[in-house]
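Structural overview
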Amino acid sequence: MKQLFENWRRLIKENAYAMGTMGVNVASGHISSPCPQGEEQNGVHADGSPFCRPKPELEQKGQIIVPTRHEMVNIIKNNPPQKIHIDKPKGSIKKFGGEIPVKLPFDYGEWPDFINPADNMGWDLIIVPSATLDDENLIPVGYVAYNENKPKAMFNDKIIIAPDGNYNSEDREIIKDVFAQMDYFDDPVWY
């Protein structure tokens, strides 16, 4: 029941339409920007007006900003394979959120061409333990998300991928056990 509630909470937050004086872009459900096109808000002036700056020109490097996990999952499902960079192979140590060092039983990396606005880096991925980067047709089968115990990291989700969408119960248990060590992650969600 707790997992169902947490999944529902995240779905509502991800798809919520914001209210306020700035308005909402109804097509996407995102808050309309108070800044001119091509600029983003980066704080406010003393009088309360928005401080605008030019948006980083990621598209020049061939990168695309993908605002939600749902959109990223659809991109990968509909357009495999995409370039993957493994920055923490199986057996290496990673500190998720910089706190607890964990020896990884899976390959961890990112899609460098698709930027997650939560951290302005490539969308994070986990390859199920029974697979490797050499497997073909690695597609999303689930995700792991930060929770309210680490609010600054929320929406920096890790998308779990498997060859042809196939994984086993041992893959599920191994990934669950890794993230259960940290109280700032929700339980993994599997599709």
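About the cut-offs
Each chain has its residues counted from 1, running along the sequence as written. Two thresholds apply to this predicted model, a pLDDT of at least 70 for residue-level local features and 80 or more for giving and counting side-chain atom pairs, whereas whole-chain, interface and lining totals are computed over all residues. Only heavy atoms go into the side-chain values, all of them from the structure, while hydrogens and water stay out. Burial classes follow relative accessibility: with a 1.4 Å probe on protein chains only, a residue under 20% of its type's maximum area counts as buried, one over 50% as exposed, and anything between as partly exposed. Here a helix means four or more residues in a row that DSSP labels H or I, a strand means two or more in a row labelled E, and each is numbered from the N terminus. When we speak of the arc, we mean the arc of directions from the helix axis to the C-beta atoms. Note on pairing: DSSP must find at least two bridges between two strands before they are called paired.

As for helix α2 (residues 69-78)
Since one α-helical turn is 3.6 residues long, residues separated by three or four positions face the same way. Of all the residues in α2, the buried ones are R69, M72, V73 and I76. End-on, the buried residues of α2 take up no more than an arc of 100°, which puts them together on one face. Turned more than 90 degrees from where α2 packs its buried face, H70 and N78 sit exposed.

Here's the deal with the pairing of strand β12 (residues 158-163)
Extensive coverage of β12 is indicated by the burial of six of its six residues. Residues of β12 alternate between two faces, with K158, I160 and A162 on one and I159, I161 and P163 on the opposite face, all of them buried. Sheet topology places strand β10 (residues 121-127) next to β12; four bridges connect them, and they run parallel. Of the residues in β12, the one forming a bridge with I127 is I161. Inspection of the sheet shows strand β11 (residues 138-144) paired to β12 by six bridges, in the antiparallel sense. Paired with L138 across the bridge in β12 is P163.

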